[in-house]
Amino acid sequence: MTSTTGITLETVSRSFQGRGTVVQALDNVSLNCPAGSFTALIGPSGCGKSTMLRLALGLDDATSGDIGIAGMKPQQAAKAGLTGVAFQDAALMPWRSVEDNIALPLDVLGRKRADFSAKIAELIELVGLKGFEKALPGELSGGMRQRVAIARALVTDPKVLFLDEPFGALDQILRRQMNLELQRIWMESRATTLLVTHGIDEAVFLADRVVVMQSRPGRIGKIVDIPLARPRLPEVFTTPEFHALEDQVAEALDGH
Amino acid sequence: MATETALGASVGTTRETSGFRHWSALRNAAILLVAWEVLGRFKLVAGGALPAPTEVLIRFWSDRGDYPAHILATFQGASLGFLIGNGLAILAGILFAVSPVAARLGRGLNVAIFALPPIAISPILVLTFSGMTPRVVLAALGCYFVTMSATVTGISQTDRRMLDVVRAYGGGRLALLRLVEIRAALPAILAGLRVAAPAAVLGSILAEFGGGGRFGLGAYLIGSLGRADPARLWGIGLAATAMALIAYGIFALIEARLTRSTRAVTVAATPPGIRSEGSWLSTIAITLASITLPFLVWWLLLKVLGTPAMIAKTPAGVFDYLFLAPSATSAQTRLLAALGQTLPMTLIGMAAGLAFAFLLALASVVRPGIVRSFMPVALVTQTMPLVALTPLLVLLLGRGPSVILWITISVTFFPAFVTLAQGLGMVSRGALDVVRAYGASPFTQLRLVSIPASLPYLFAAMRLAVPRALLGVMIAEWLATGTGLGNLLNQSRGYLDYGMIWTVAVVSVLISVLFYQIVIVIERHVLRKRGMQPAV
Ligand SMILES: Nc1ncnc2c1ncn2[C@@H]1O[C@H](COP(=O)(O)OP(=O)(O)OP(=O)(O)O)[C@@H](O)[C@H]1O
Ligand SMILES: [Mg+2]
């Protein structure tokens, strides 16, 4: 089963027609994320990371090229309930409570909420929002909202997980904690994960491979393999190997 | 440092003035009441046409046996029309929001409904239907456009990111509507219902003017018109106003409860579906279809209702009456004569109303105190069935042409002022600060910022004013002066001249739509040149 849940992009391009100009958001991008792998996507602002995610989720159509999610077209995979997603901004519905927001994918997919009540409670506990089940997004802080979005992404036990800077609004300490939790969840579920991030340390800590992108036009510059053993403990952040890998990614970001 | 003190100072003054404002509003109201009482008691206005408030109250008390039946009848017509009109409006709004093609096809129908002066079709309704139906139809028509456009705006302004989440899990069109869009549009829809509520009351009253039915505040008003009893007329007018205000207030409360937000009382005046995409051939086809659709609906309705051809004129019937029948020349002469009286009045009244509104709104930029003391009055007046108060103005001003002008000015001025003042209040803050920082005088501020920034709102106010002005003129002509289209309509009603009734109705709708389209074309041209967007 694990052999069928990968992400493949083959010579994918996406351009946007601006006023008079054409923005080449993605230019001939090919990427293969094997089933069960953890890939981090890093690159300067505007290089097409969110665009790539939107294409893989079937929210947008590529100008050319092919995209496969678990061997299906993105929209089929979404309808089958294989994917989970947390967006760059939490995108919660202000009229739904924390619980109800987390349950939203179940409503879309037509699954029975009652079968998942234990799962929802567990996720709320996991993201540290116990006691806020009935709160509305307007009553939460930015970081708390982002944690709701993460819980929402996990509620369907996705086989393919897309995360667009999910920890952007969290403080450094909480971010580390969430990184550890995410690693634990990933090791349990072995969902194929694509994480967009601006944090080099986060990318190196979590990923099997860090894909470094370049902008104008958006393309893949370099792929850095991260051979660190799992489970990775917090101590790994201070090791020389870790720093060396971070330097590699940083160099690739500078365009070397 | 300097900005900090300036900020502190301005915060201080707003707090002071807000306390002062409540107090001064009460004081103003008290002064007004006392002055009114004095004017009334000593019969200082138009030989007693303005009765004192206490006289109105005393009369109201002695008439108290009459009111329940009339209020109930108007309430029934208005509330049934409210339900039907808004139900259809929300469904139509969802359809237009989901399908751009449907929106463009429905544009002609929407503009016609927006622009049609209710009084023009009230005789037709009274002739074609019986009982409550005319009231229900006019009340429903009064609600439709406001709620429909509120629904479309609400749905199309839904946060795209929320839609993405649902789509990312494979949610289709229905899931998007059910889980996100309708709920996200709820505040806008409720705001639409709030504005629609008094419109339903007005619709019912206007249908009652057209006859049919013994009960209803409008019927009561018309029935009391000949009795030279100002105190009673004022009592009825105030009862109608109170009804509209209560309807408005109830929905304002519901809205505040449900969404904890109340929006401005501005009414949308743009039908959805202007943007055109695709080839010019399909654009032309859709535009033609959208123009044909109202006529098709008109024809179909008559066929479905099976009204006898003598009474119910199809589009072909009206054409026949006006151009082919033996009496066509006489009909044309009468129509042209009436138009010659109505059109100048409409244009002058509308221009004057807009000009006053524009000047006062600009003045309020220089002196915000003006708008603060005047806005509450303007807002209340927005929800009043102003045209239903025409008999009162007749008492005050007599039956000369001046009464037409005053009614037209009053029905265009208030909505235009509210639109302009709120628009100016929204745009100019930051821009004004820039020129102020360079020491610009109030007039330079007006010239450089406020006037250019107010253009979109001026056009929005014009779009809003066109149908109202025609409605105001026609009602004044019907009830007061006995001239123009309004009178022609009333006379034809008396003579059972069905051809003319239909002709006047169609012509007045066409004129209103034509003016409206002219405003839209000029607006698009002017605003595009300046890189501005139309205000809703
Ligand atoms: N809907 C759109 N219309 C036009 N241009 C777009 C659209 N979406 C994205 N772009 C353009 O595509 C490019 C890539 O955008 P994208 O959102 O994928 O960047 P990103 O890598 O996610 O950046 P960030 O790190 O800031 O989130 C940008 O230049 C952007 O302007
Ligand atoms: Mg992004």
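Rules and cut-offs
Residues numbered from 1 in each chain as written. Chains lettered and ligands numbered in written order. Predicted model: local features only at pLDDT ≥ 70, side-chain atom pairs only at ≥ 80, totals over all residues. Heavy atoms only, no water. Helix = DSSP H or I, 4+ residues; strand = E, 2+ residues; numbered from the N terminus. Buried < 20%, exposed > 50% of the residue type's maximum accessible area, 1.4 Å probe, protein only. Contact = heavy atoms within 4.5 Å. Areas by Shrake-Rupley, 256 points an atom, 1.4 Å probe, with all protein chains shown as cover. Axes fitted to C-alpha atoms, helices over the stretch in contact; angles between N-to-C directions. Parallel < 35°, antiparallel > 145°, perpendicular 65-115°, else oblique. Nonpolar A, V, L, I, M, F, W, Y, C, P; charged D, E, K, R; others polar. Near = heavy atom within 4 Å. Polar contact = N/O pair within 3.5 Å; in protein donor to acceptor, adjacent residues only side chain to side chain. Left-handed = near helix turned anticlockwise from the far one by under 90°. Donors = N, O, S within 2.8 Å, 3.2 Å for Na, K, Ca; no water. Pairing = 2+ DSSP bridges. Buried area = accessible area lost by both parts, 1.4 Å probe. Salt bridge = Lys/Arg side-chain N within 4 Å of Asp/Glu carboxyl O. Phe/Tyr/Trp six-rings, centres within 6.5 Å; stacked < 30°, edge-to-face > 60°. Expected span 1.5 Å × (residues − 1). pLDDT = per-residue confidence, 0-100.

Asker: How should the overall build of chain B be read in this particular structure?
Answerer: When its secondary structure is counted, chain B shows 19 helices and zero strands. Across the 536 residues that make up chain B, the buried fraction comes to 51%. Relative to all contacts within chain B whose residues are 6 or more apart in sequence, the contacts with residues 24 or more apart total 80%. Approximately 24700 Å² of chain B is accessible, and the part contributed by carbon and sulfur atoms is 71%.

Asker: Please clarify how the packing of helix H17 (residues 442-481) of chain B against helix H19 (residues 498-529) of chain B should be interpreted in this entry.
Answerer: Two packed helices can be described by the angle between their axes and the distance between those axes. All names here are of chain B. For the pair H17 and H19, interaxial distance at closest approach is 10 Å and the crossing angle is 170°. Taken together, the axis directions place H17 and H19 in an arrangement best described as roughly antiparallel. Each of Leu455, Pro456, Phe459, Ala460, Met462, Arg463, Val466, Pro467, Leu470 and Met474 in H17 lies in contact with H19, whose residues at this interface are Val504, Ser508, Ser512, Phe515, Tyr516, Val519, Ile520, Ile522, Glu523, Val526 and Leu527. Each residue belonging to the contact of H17 with H19 can be placed in one class, and the counts come to 17 nonpolar, two polar and two charged.

Asker: Before we go on, may I ask you to explain the site of ligand 1 in this structure?
Answerer: All names here are of chain A. The immediate surroundings of ligand 1 are formed by 13 residues, with Ser45, Gly46, Lys49, Ser50 and Thr51 found nearest. One of the backbone nitrogen or oxygen atoms of glycine 48 is found 3.0 Å away from an oxygen atom of ligand 1. Interatomic distance of 2.7 Å between a side-chain N/O atom of serine 50 and an oxygen atom of ligand 1. Among the secondary structure elements, those contributing two or more residues to the shell around ligand 1 are strand S2 (22-33) and helix H1 (49-56).

Asker: Is there a simple way to explain the packing of helix H10 (residues 230-259) of chain B against helix H15 (residues 390-397) of chain B in this structure?
Answerer: All names here are of chain B. It is the contact of H10 with H15, at a shortest axis distance of 9 Å, that shows an interaxial angle of 145°. Judged by the twist between their axes, the crossing of H10 over H15 is left-handed. Taking contact as the criterion, the partners of Pro230, Leu233 and Trp234 in H10 are, on H15, Pro391, Leu392, Leu395 and Leu396.

Asker: Help me understand the coordination of the magnesium ion (ligand 2) in this model?
Answerer: Ideal coordination angles are 109.5 degrees for a metal with four donors arranged tetrahedrally and 90 or 180 degrees for a metal with six donors arranged octahedrally. Residue and element names in this part refer to chain A. Here the magnesium ion (ligand 2) is held by the protein donor atoms Ser50 (OG) and Gln88 (OE1), which lie 1.9 to 2.5 Å from it. Placement of serine 50 in helix H1 and of glutamine 88 in the loop between strand S5 (83-86) and helix H3 (98-102) is noted, with a sequence separation of 38 residues between them. With relative accessibility at 37%, the residue glutamine 88 sits in the partly exposed group.

Asker: I'm lost on the pairing of S5(A) in this one. Help?
Answerer: Put simply, side chains in a regular strand alternate between the two faces of the sheet. All names here are of chain A. On S5, burial covers both faces: Thr83 and Val85 on one face and Gly84 and Ala86 on the other are all buried. Pairing analysis gives four bridges linking S5 to strand S6 (residues 160-164), with the strands arranged parallel. Bridging across to S6, valine 85 finds its partner in phenylalanine 162.

Asker: How should I be thinking about the environment of Pro53(B) in this particular structure?
Answerer: Residue and element names in this part refer to chain B. Checked against the element boundaries, proline 53 lands in helix H2 (residues 53-62). On the basis of relative accessible area, proline 53 is assigned to the buried category, the value being 15%. Separated by 16 residues in the primary sequence, proline 53 and glutamate 37 have C-alpha atoms spaced 5.8 Å apart. Proline 53 has contacts with Leu33, Trp36 and Glu37, leaving out every residue within four places of it along the chain.

Asker: Where do I start with the interface of chain B and chain A in this structure?
Answerer: If you look at the interface, chain B gives 16 residues, while chain A gives 24 residues. Taken together, both faces of the contact between chain B and chain A bury some 1800 Å²; the carbon and sulfur share is 66%. It is Val165(B), Tyr169(B) and Leu179(B) in chain B that bury the most area against chain A; as a group they hold 39% of the surface buried on that side. If you look at where chain B meets chain A, you find two salt bridges. Between Asp164(B) and Arg54(A) there is a salt bridge; the shortest N-O distance is 2.4 Å. One can count four residue pairs in polar contact (both at pLDDT 80 or more) joining chain B with chain A.

Asker: I would appreciate a short explanation of the pattern of salt bridges in the present structure.
Answerer: For side chains of opposite charge, pairing can occur when their charged atoms come near one another. Here the structure, examined in full by the defined rule, presents 25 salt bridges over all chains. The partner of Arg14(A) in a salt bridge is Asp60(A), and the shortest N-O contact between them spans 3.0 Å. Taken together, the residues Arg14(A) in strand S1 (residues 7-17) and Asp60(A) in the loop between H1 and strand S4 (64-69) connect sequence positions 46 residues apart. Taken individually, Arg14(A) and Asp60(A) each receive the classification buried, so the pair is uniform in this respect. The salt bridge involving Asp63(B) is made with Arg232(B); its shortest N-O contact spans 3.1 Å.

Asker: Which parts of the structure should I look at to understand the packing of aromatic side chains?
Answerer: One pair of aromatic rings is described through two measures. These are the centre distance and the angle between the planes. Residue and element names in this part refer to chain B. Within this structure, the stated rule accounts for 14 aromatic pairs over all chains. Note on phenylalanine 60 and tyrosine 67: the rings are 4.4 Å apart at their centroids and 40° apart in plane angle, and the pair reads as tilted. Its relative accessible area of 3% is what places tyrosine 67 among the buried residues. Judged by centre distance (5.0 Å) and plane angle (45°), the ring pair of phenylalanine 82 and phenylalanine 251 falls under tilted. One end of the pair, phenylalanine 82, is in helix H3 (residues 67-98); the other, phenylalanine 251, is in helix H10, with 169 residues separating them in the sequence.

Asker: Hey, could you run me through the sheet that holds S4(A) in this one?
Answerer: To summarise the sheet geometry, strands pair through backbone hydrogen bonds and adopt either a parallel or an antiparallel arrangement. Residue and element names in this part refer to chain A. Strand order in this open sheet of three strands is S2-S1-S4, and the pairing throughout is antiparallel. Of all the strands in the sheet, just S2 and S4 have a single pairing partner and so form its edges. Going from strand to strand, the sheet's axes swing by 25° on average, the running direction of each strand aside. Where S1 meets S4, five bridges bridge the pair, whose relative direction is antiparallel. What sits directly across from leucine 9, in S4, is isoleucine 67. Here H1 sits on the sheet in contact with S1, S2 and S4, set at roughly 65° to S2.

Asker: Even after reading the chapter, I still don't get helix H6 (residues 142-154) of chain A, so can you show me in this structure?
Answerer: An α-helical segment advances 3.6 residues per turn. Residues three or four places apart therefore align on the same side. Its 13 residues give H6(A) an end-to-end C-alpha distance of 19 Å, which sits within 8% of 18 Å, the value for a rise of 1.5 Å per residue. Where burial is concerned, most of H6(A) is hidden: eleven out of the 13 residues are buried.

Asker: How do you make sense of the sheet that holds strand S8 (residues 209-214) of chain A when you look at a structure like this?
Answerer: Residues and elements named next belong to chain A. Taken in spatial order, the six strands of this open sheet run S5-S6-S7-S3-S8-S9, and their pairing is mixed. In this open sheet, the two strands that pair with only one neighbour each are S5 and strand S9 (219-225). Ignoring which end each strand starts from, the neighbouring axes of this sheet average 15° apart.

Asker: How should the confidence of the model for chain B be read in this particular structure?
Answerer: The predicted coordinates ought not to be read in detail in places where the model reports low pLDDT. All names here are of chain B. The predicted model of chain B averages 82 in pLDDT, with 87% of residues at 70 or higher. Looking across chain B, the model is least confident in helix H1 (residues 2-41), with a mean pLDDT of 59, and most confident in H3, with 94. A low-confidence stretch, residues 1-18 (pLDDT under 50), is modelled with one contact involving residues beyond four sequence positions or located in other chains. For residues 261-265, every residue scores under 50 in pLDDT, and the model assigns this stretch 18 contacts once sequence neighbours within four places are set aside. Our summary of model confidence lists the complex with pTM equal to 0.79 and ipTM equal to 0.80.

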